[in-house]
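Examining the three-dimensional arrangement
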Amino acid sequence: MDMSKYRDMFFSETREHLAQMNQLLIALEGNPTNREAIDALFRHAHSIKGMAGSMEFLQTQELAHHLEELIDEFRKSGTATTAAIDRLLAGSDMLENLLQDIGADQPERDITAFLEETCNLGLADTASRHDADSGLDMGKFLQIFLSDGREHLHAMSQLFLNLEENQHSEEIIRELFRHAHSIKGMAASMGFQQTADLAHYMEDQIDRYRQGTAPQEGELDRLLAGVDLLTGLLDDIDEGRPERNIGPFVNYQPQRPTPKPAPVEPLPDSALVAEPAPRLEPMAAEPPAEEKAGNDSDSESNGDILDISVTLSSEAVAPAARTMLILKDLGVLGRILSSKPTREQIATGGATRHLDVRLETKIAPNFVQERLEEMSDIAEVRVERSQEKTSRFMRRRDDLQRTVRVRTELLDQFINLTGELITNRNMLQSAWKDERWEDLQVGLDRLYRHISNLHHDVLQLRMMPLASITGPLPRIIRDLARKQDKTIALEMEGTEVELDRAILEELSDPLMHMVRNAVDHGIAKAGTIKIRAWREKDLVLIEIQDDGRGIDPAALRRKAVDKGLLTESQARALPERDVLQLICHPGFSTAVQVTELSGRGVGMDVVKSAVENLGGSLVIRSTLGQGTSFLLKLPLSIAIIKVLLVECAGHQLGIPLTRVQRALDVSRKDINTSGKQLVLTYADEILPLVSLRKALQLPAAAPQDTVPVVITEARGRRIALVVDRLVGQKETFVKSLEFPINRLPGISGATVMGDGNIIFIIDPPAILEERRGQAGRTAAGVQHEPA
Amino acid sequence: MALKILIVDDALFMRSMLRDIFVKAGHEVVGEATDGADAVEKFQKLGPDLVTMDIVMPGKNGIEALRDIMACNPEACVVMCSALGQDSLVMEAVEAGARDFIIKPFQEKRVLEVISRVKKPAVAE
C-alpha cells in the first residue's frame, strides 16, 4: 500500500493532536482531576500511536504508546500528578522532534534514553512494577512470549526465502523488520538480553535493506542463520538454560564469499542435515569455550541423545566442583537437555557424588565416555543412547499443547452458548417444580441441541491448519536441496485445511520423512514436490507427490525375494498396489534412516503405522520415471469417529469406518474353498474369509445361510471379516483406554452408548496380526465348513 | 606435548615442587608469580599455554586473577590449586572458568594427569 499520500495527513493530524495535548496538559495542571481532560488526552496519544504505527514510524509509535501508558495511570488513579504532566509535556516535545526527523527524511531519533529517564524519575510504568512481585505473571507471559516468538521466527524464515526470489520487495522487507522488531520488544521486556540484542542486530541488518541497500550474496544465508540462532535462544529460555552467547555470531566477519557446497553423492545419514554450511565454518573453527558450544550451527536437533550417568569416587575432593566441571565439559561436547542435579543445585547445594545428564550430541558415545573417564576422581561412567526421539518437532508438539490460537468468533459462540445453557437450566428447573412435563420435554430437547453445538465448537478448538506443521518445510527442502546440489521446487496447496491437533502432532515427523525421501531418493537432480491437502466428506486427504524417478516395482519384488519376505511366486502374484506397500514393511529398507529429524530407524513402516494409528490409511502410487505419490487419508478428528457396529458372540463391537471398505451380507453360495482356506468371490477379487470370533478366541458359531462380512485390510491385503451381525453405523466419541486394558492388542478405544453400554472399538489389522503367531498350517481364523 | 606453564603461588615451597614436577615431565616453566596482580601481568606478558593458580594469596586472590585472565582471553587454560576444605572456593573458580583443579599436597601423577587432560584439543566435530 502506498503510504506516501498519507504523509501530509499524518503530519497535520499529529500536530493537531499534539497541540490539543499541550492545551489539555496545561489545563490539567490547574485542575488535576478533570476526568474529561484525561480521557481526551488519552485519545490523542492513542490516535498518534495508531497513525505512527500504520506509517511505520516506530519510534514515534513507541513514544506515543509510552505516553499513553503514563496517561492511563491518571485514568486509574483519577488524578494527574505534576511530575507526570511535566514528563508528558517533555514527551510531546520529543514527538515534535520526531516529526521533524521524519519531515526531513531522516531516521527517527532513538527514544530509548527518554524512556529510561521516565523510569528513573519513578514514573516507571506499571510493567516494571509488575516484574517485582509477579513470578506468576511472568510465567504466563513466558509461554506467550515463546509461542509468539516462534511464530515470528517461522514467518521470518519464510519471508527470507521469499526475499531470495524477490530481492526488491519492499513489503517483504517491511514485514521482516516488523517481526524482528516485535521479537526485540518482547525479549527486552522479559529481560532476555541476548535474544533482544540479536533481534536488534537482525533489525539493523534488515533496516539496511529498508534504506535501499540490496542484499549481498551470502547475507541472506547469514540472516537465516540468525533466525536459527534466535530459535536456539528461545529453546534455551524454554528449557530454563541461560541464553547462549550471540557474540561469535554477531562478531563474525565474512572473509571470503561463501563457497557453494561441493556436489555430494547420497549423503550418509550420519552427515546430519544440520551440519553447519560453509558460512558458519569459521565459527566452528574457534575452539568452543564452555557455554558457547551448543551455539554454532543449528537449531535443528543435533545428533543423538545420550543418557549419561557419572559416579564420583568416594575419595573425590570438592565433589560439587568436580560435578560442575563435568557438566561444563559435557556442555562443550553437545547440548545439555537436562541434568540431575541441575546446574543451580550443584552450584548452591551440598556434595553430590552422582550426576545424570541427558545430552544431545553428534559425538559418538564411547568418545564421550572416554573423555569423562579421563577426569580425576571418577568411579564410574555410563553412556547410553537414549530412547527418546530428538526431533525438534517434539518441541513443536509442546508448543501445540501449551497455548492455542483461537478465533475470537469461537469464543463469542461459547459465551452465547453459556448464556443459552443458563436460560435452559432455569427453564428446566421451573418446569420441573411446576410439574409442567411438556415444557420439561421441550427444555430437554433444547438442551440436547445446545450440548451438540457445544461439542461441535469444542472440537473446533482442537482444529488447526495443516500449515502449522508444513511451515518449516520450504526451508528444510531448500537446505537439503542445496546440500545435495539439486534444484527442488516446493508447491503447497490447501495447507489451510484444518485437522485435529493430536493428528497434526503425530503427522509432523512422518510428513518430514516422506518429504526427505522425495528429496533424497525421489528426485535425481531437479524436480518439484507438491503437497496438497483437501477434504472429502469426513476425511482429510494429504498428498505428497514428486515428479522424480518413481519406484520400480520390479526392483521391489526382487528385493522382497532377496530378503526372504516373499517367495518368487508370491512376489510375481502380488498386485502392483500391494507391491508398493512393500516399502512400508519394517526392515525392508536397507538404508537405516538415522535422520536427525526423527531419531533412529524411521522408515516408511513407522510412517504407515503412525497414519494407521490415527485411524487413517496410506496409499502409494508410483510410475517409473514419472514420479511417486503418497496419499494419506485421515479422519477429521480422532476424538469423534464413525464406527460400524457389529455383533460377535453376543458382544457388540465397533470397527472404525475408515477401516471398513464394504459391509455386506453374502450368501453361502458365494463362498468357496481354495485349498484349506475359505474364500469369497467379490468384485472379481478372491478374498480370504477370516472369522472375527476365532480372532477373538470366542467359540465358533453355527453357520448361517447369509454370512455378514466386513471387507477390510489386514496383513497387507484385503480380507472378508466374518461377523455375526451387522448392526449399523454410529458416530461416537472415542475414549482412550488406560492401563492395563490399553495393552490388549487390537483394541483401540471404547465408546459409551446412550444406554450406558460400553462398546470396544477394534482395529482389524492388529487383531488379526495377533492371530498370526498362532497360525498353524491353516491361515488363522479360517472357518471350516462342517463336514 | 611440552607445555609452557606459568606457576602462581605465594609460597616458594609450592612453586618449587610444581616446577620440579613439570620440568621432569618435559614441560617448560616460563614464569612464576606470587600474587594475583603479578599473575595477570605475567600471563599477558608471557602468553603461557597453561596457568596453575593458587586460590588463597595475599592481595588479589586466585579467583579474581582467574577472572581477569579469562576476561583477557576466554580460551585461557587455568588450573586451580587448592588446599583441602576450600570446596566453595573451588566451585566459584570452576564457575568462573577454571578448567580443572588439583588439591594440595600435590601428587605428581595426579598433577600431570590433569595437565595433560585439560590441554587435549577440544573435540573435533
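My aim in this report is to walk through the structure given alongside it, one point at a time.

Here is what the cut-offs are and how they apply
Residues numbered from 1 in each chain as written. Chains lettered and ligands numbered in written order. Predicted model: local features only at pLDDT ≥ 70, side-chain atom pairs only at ≥ 80, totals over all residues. Helix = DSSP H or I, 4+ residues; strand = E, 2+ residues; numbered from the N terminus. Buried ≥ 20, exposed ≤ 12 C-beta atoms within 10 Å, placed from the backbone. Contact = placed C-beta atoms within 7 Å. Pairing = 2+ DSSP bridges. Axes fitted to C-alpha atoms, helices over the stretch in contact; angles between N-to-C directions. Parallel < 35°, antiparallel > 145°, perpendicular 65-115°, else oblique. Left-handed = near helix turned anticlockwise from the far one by under 90°. Nonpolar A, V, L, I, M, F, W, Y, C, P; charged D, E, K, R; others polar. Right-handed = clockwise from strand over helix to strand, strands pointing away.

Examining the overall build of chain A
Across its full length, chain A carries 27 helices and 22 strands. When each of the 787 residues of chain A is scored for burial, the buried share is 34%. For chain A, the proportion of contacts with a sequence separation of at least 24, taken over those separated by at least 6, is 67%.

Quick look at the overall build of chain B
Of the regular secondary structure elements, chain B holds five helices and five strands. When the helices and strands of chain B are placed in sequence order, the string is β-α-β-α-β-α-β-α-β-α. Taken over 125 residues, chain B has a buried fraction of 41%. When contacts within chain B are restricted to residue pairs at least 6 apart in sequence, those whose partners lie at least 24 apart make up 59%.

What to know about the environment of Ala188 of chain A
Here Ala188 of chain A shows up in helix 8 (residues 170–190). C-alpha of Ala188 of chain A to C-alpha of His200 of chain A: the two residues are twelve residues apart in sequence and 9.8 Å apart in space.

Details of the environment of Val752 of chain A
Residue and element names in this part refer to chain A. With respect to the element layout, Val752 can be found in strand 21 (residues 747–752). As a C-alpha pair, Val752 and Thr732 span 20 residues in sequence and 8.0 Å in three-dimensional space. Leave out the neighbours within four places in its chain, and Val752 touches Lys735 and Ile758.

Re the sheet that holds strand 4 (residues 78–82) of chain B
All names here are of chain B. Overall, parallel pairing links the five strands, which are arranged 2-1-3-4-5 in an open sheet. The open sheet has two free edges, formed respectively by strand 2 (28–33) and strand 5 (100–103), since each of these has just one partner strand. If you compare each strand with its neighbour and ignore which way they point, the axes differ by 20° on average. Here strand 1 (residues 4–8) pairs with strand 2 via five bridges, running parallel. Residue pairing in the sheet places Val8 in a bridge with Ala33 of strand 2. The strands touched by helix 2 (residues 36–46) within the sheet are strand 1, strand 2 and strand 3 (50–54), with strand 2 carrying the most contacts at an inclination of about 145°.

Thoughts on the packing of helix 20 (residues 473–483) of chain A against helix 21 (residues 501–522) of chain A
When two helices pack together, their arrangement is given by the angle between the helix axes and the distance between those axes. Residues and elements named next belong to chain A. With their axes 10 Å apart at the nearest point, helix 20 and helix 21 run at an angle of 25° to one another. When the interaxial angle is binned, helix 20 and helix 21 end up roughly parallel. Relative to helix 21, the crossing made by helix 20 is right-handed. For the pair formed by helix 20 and helix 21, the contact residues are Leu473, Ile477, Leu480 and Ala481 on the first element and Val515, Arg516 and Val519 on the second. Taken together, the residues that form the contact of helix 20 with helix 21 break down as six nonpolar, no polar and one charged.

Brief notes about the interface of chain B and chain A
How big an interface is tends to be reported as the loss of accessible area on association of its parts. Contacts between the two partners involve 18 residues from chain B, matched on the other side by 18 residues from chain A. Contributions of two or more residues to the side of chain B that touches chain A are made by helix 4 (87–96), strand 5 and helix 5 (108–118) of chain B. With five residues, the top contributor of residues to the side of chain B that touches chain A is helix 4 of chain B. Residue composition of the side of chain B that touches chain A, grouped by class: ten nonpolar, no polar and eight charged.

Points about unusual backbone geometry
Negative phi values dominate among residues other than glycine, just as trans dominates among peptide bonds. Residue and element names in this part refer to chain A. Residue Pro341 is bonded to the preceding Lys340 through a cis peptide linkage, with omega at 0°. For Pro341, the location among the structural elements is in the loop between strand 2 (335–340) and helix 14 (343–348). Positive phi, close to 55°, is recorded for Glu435, a residue that is not glycine. In this model, Gln697 sits at a positive phi of 60°, which is unusual for a non-glycine residue.

Focus: the pairing of strand 14 (residues 662–667) of chain A
Taken residue by residue, a regular strand's side chains alternate between the two faces of the sheet. Residue and element names in this part refer to chain A. Strand 14 sits mainly on the outside: zero of its six residues count as buried. Here strand 14 pairs with strand 18 (residues 706–714) via six bridges, running antiparallel. Note that in strand 18 the partner of Leu664 across the bridge is Val709.

Topic: the pairing of strand 1 of chain B
Residue and element names in this part refer to chain B. Across the five residues that make up strand 1, a large majority, four, are buried. Read from strand 1 through helix 1 (residues 12–24) to strand 2, the crossover connection turns out right-handed. Judged from the four bridges that link them, strand 1 and strand 3 form a sheet pairing that is parallel. Residue pairing in the sheet places Leu6 in a bridge with Val51 of strand 3.

Remember, this is a structural readout, not a statement about activity or role.
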